[in-house]
Amino acid sequence: VVVVVVAVVLAVTLRKGKYTFEDRILARCEKFKGSDCRLIWAKFQKAYVGRDPCNVPMEAYDDFIAATQFKPECNRMMFWSKTKDVVHDFTEKRDCYVTLEDTLLGSVADGLTWCGRVGSSETLTTGCPRWTDCENNPVRSFWSRASAAFAEKACGNVTVMLNGSIETPFSPNSTFRSIEVKKFDATVMRSLNVVLVTQTNSVSNCTNASLKDLQKELAAGIRYSCKEVSEAQIRECSSNPEKPCGACW
Ligand code: N1C
């Protein structure tokens with residue numbers, strides 16, 4: 001028994017040590033055929049390696065963004081704020097919309113934490129600053145820069161899922177409000193269509209004050225709409241592939 005336990009523990013530790021952060025990024029990148037993943041990894045790590053983890057501005061990822069050359073899918077782009085679970089449950093099961101995490105740009109880093117250290121060429125995955133510890137941390141700056149790139153390219157009719165269970169669905173400190181809406185370009189974008197995800201105890205509807213602010217902050221020429229849709233209805237559509245995308249709400 002002791003031998004077996006030791007062997008299992010050893011196997012698990014060795015295996016754990018085998019998949020480095022670099023391996024994980026490369027594996028995710030390689031799902032996108034035709035990408036130069038070595039180059040993309042080199043540009044990604046250049047942003048934060050050897051730097052103070054509270055001193056990585058969003059511009060540090062400019063070369064990474066340039067290397068991922070993202071091509072937008074007009075009329076299918078999906079943004080979100082405080083609705084990550086329901087959105088990704090939907091996009092994973094149905095091929096109706098594309099979120100940033102479904103593109104090479106966002107998928108490489110989704111759910112991960114990383115940072116560097118002065119005087120080291122390594123990527124650390126523990127002991128890194130959290131989202132609000134300091135503004136210029138590697139993870140937050142990454143999402144700011146990637147979100148800006150994704151929003152800049154938003155074209156045609158664009159959808160955003162906002163959370164109707166909170167008082168301020170268009171939340172001031174969110175990436176969606178502070179970065180993405182500011183980057184929307186009226187010359188390529190026709191409309192922004194809010195899907196306000198409601199639950200039985202929802203506190204907000206389409207007349208919410210923060211949604212009035214959203215209409216004001218939207219560049220002139222971009223149409224706006226809002227629709228309240230229950231989370232149950234969205235989940236129902238996620239699990240019914242025979243239902244056309246346009247009939248979900
Ligand atoms: O701050 P948010 O939401 O408004 O950001 C969401 C918004 C989306 O439209 C995305 O395009 O910004 C983009 N984005 C991501 O794609 C993303 N993937 C993972 C922003 N943040 C992202 N994350 C993580 O979710 C990130 O680490 C941060 O902590 C949350 C932000 O979620 P939010 O506040 O619900």
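Since the structure is predicted, the reported quantities are computational estimates derived from the model, not experimental observations.

Novice: Provide a residue-level description of the pattern of salt bridges, including the pertinent values.
Specialist: Tallied over the entire structure, the rule returns 15 salt bridges. Taking the shortest distance from any N to any O, the salt bridge between K46 and D63 comes out at 2.7 Å. Here D63 lies in helix α4 (residues 62-68) and K46 lies in helix α3 (residues 37-46), a separation of 17 residues in the sequence. With a closest N to O distance of 2.7 Å, D89 and K93 form a salt bridge. Highlighted residues: D89 and K93, both in helix α5 (residues 84-93), separated by four residues, approximately one helical turn. Residue classification places D89 among the buried positions, given a relative accessible area of 15%.

Novice: An account of the side chain of T91 is requested, with residue identities and associated values reported.
Specialist: Inspection of the secondary structure puts T91 in helix α5. According to the relative accessible area criterion, T91 is buried, its value standing at 10%. For T91, the contacting residues outside a window of four places in its chain are Y97, T99 and D102.

Novice: With reference to specific residues and values, describe the site of the ligand.
Specialist: Taken together, 15 residues sit near the ligand, with S81, K82, E101, T175 and E180 positioned nearest. Between an oxygen atom of the ligand and a side-chain N or O atom of K82, the distance comes to 2.6 Å. One of the backbone nitrogen or oxygen atoms of F176 is found 3.1 Å away from an oxygen atom of the ligand. Here the ligand, which alone exposes 600 Å², has 85% of that area covered by the protein. Counting only elements with at least two residues in the shell around the ligand, the list comes to β1 (78-81), α7 (138-152) and α8 (175-183). Here the shell around the ligand is built from residues that sort into six nonpolar, four polar and five charged.

Novice: Can you tell me about the pairing of strand β3 (residues 189-198), naming the residues and giving the values?
Specialist: In terms of burial, β3 is largely enclosed, as eight of its ten residues are buried. The pairing of strand β2 (residues 156-163) with β3 spans eight bridges and is classified as parallel. Residue pairing for β3: L162 is matched across the bridge by L196. Following the backbone out of β2, through α8 and into the adjacent parallel β3, one traces a crossover that is right-handed. Both β3 and strand β4 (residues 223-230) contribute to a ladder of eight bridges, which runs parallel. Residue pairing across strands places T198 opposite S230, the latter belonging to β4. Assessed by its sense of winding, the connection that carries the chain from β3 through helix α9 (residues 209-217) to β4 is right-handed.

Novice: Now, about the nonpolar core: what can you tell me, with residues and values included?
Specialist: One finds F44, F79, W114, F176, F184 and L192 to be the most contacted residues of the largest nonpolar core, which totals 50 residues. Element by element, the count of residues in this core is highest for α7, at seven residues. Not counting chain neighbours up to four residues away, the residues in contact with F44 comprise F21, I25, Y61, F64, W114 and F142. M78, C96, V197 and V229 belong to the second largest nonpolar core, which has 14 residues in total.

Novice: So, the packing of aromatic side chains: which residues are in play, and what are the values?
Specialist: Tallied over the full model, the rule gives 22 aromatic pairs. Aromatic side chains F44 and W114 sit 5.2 Å apart centroid to centroid with 50 degrees between the ring planes, which places their arrangement in the tilted category. Placement of F44 in helix α3 and of W114 in the loop between α6 (104-107) and α7 is noted, with a sequence separation of 70 residues between them. Residue classification places F44 among the buried residues on the basis of a relative accessible area of 1%. Between F170 and F176 the ring centres are 5.9 Å apart and the planes differ by 75 degrees, which places this aromatic pair in the edge-to-face class. With relative accessibility at 0%, the residue F170 sits in the buried group. An aromatic cluster is defined as three or more aromatic residues linked by ring pairs; in this entry it consists of F21, W41, F44, Y48, Y61, F64, W114, F142 and W143.

Novice: Give me the lowdown on the sheet that holds β4, citing residues and values where you can.
Specialist: Taken in spatial order, the four strands make up an open sheet running β1-β2-β3-β4, and their pairing is parallel. Bordering the open sheet on either side are β1 and β4, each of which pairs with just one other strand. Recorded for the sheet is a direction-independent mean angle of 20 degrees between the axes of neighbouring strands. In terms of strand pairing, β1 meets β2 through four bridges, oriented parallel. The residue bridging S81 from the neighbouring strand is L162, located in β2. Against the sheet, α5 makes contact with β1, β2 and β3, and its axis sits at roughly 155 degrees relative to β1, the strand it touches most.

Conventions used here
- Residues numbered from 1 in each chain as written.
- Predicted model: local features only at pLDDT ≥ 70, side-chain atom pairs only at ≥ 80, totals over all residues.
- Heavy atoms only, no water.
- Salt bridge = Lys/Arg side-chain N within 4 Å of Asp/Glu carboxyl O.
- Helix = DSSP H or I, 4+ residues; strand = E, 2+ residues; numbered from the N terminus.
- Buried < 20%, exposed > 50% of the residue type's maximum accessible area, 1.4 Å probe, protein only.
- Contact = heavy atoms within 4.5 Å.
- Near = heavy atom within 4 Å.
- Polar contact = N/O pair within 3.5 Å; in protein donor to acceptor, adjacent residues only side chain to side chain.
- Areas by Shrake-Rupley, 256 points an atom, 1.4 Å probe, with all protein chains shown as cover.
- Nonpolar A, V, L, I, M, F, W, Y, C, P; charged D, E, K, R; others polar.
- Pairing = 2+ DSSP bridges.
- Right-handed = clockwise from strand over helix to strand, strands pointing away.
- Core = buried A, V, L, I, M, F, W, Y, C linked by side-chain atoms within 4.5 Å.
- Phe/Tyr/Trp six-rings, centres within 6.5 Å; stacked < 30°, edge-to-face > 60°.
- Axes fitted to C-alpha atoms, helices over the stretch in contact; angles between N-to-C directions.

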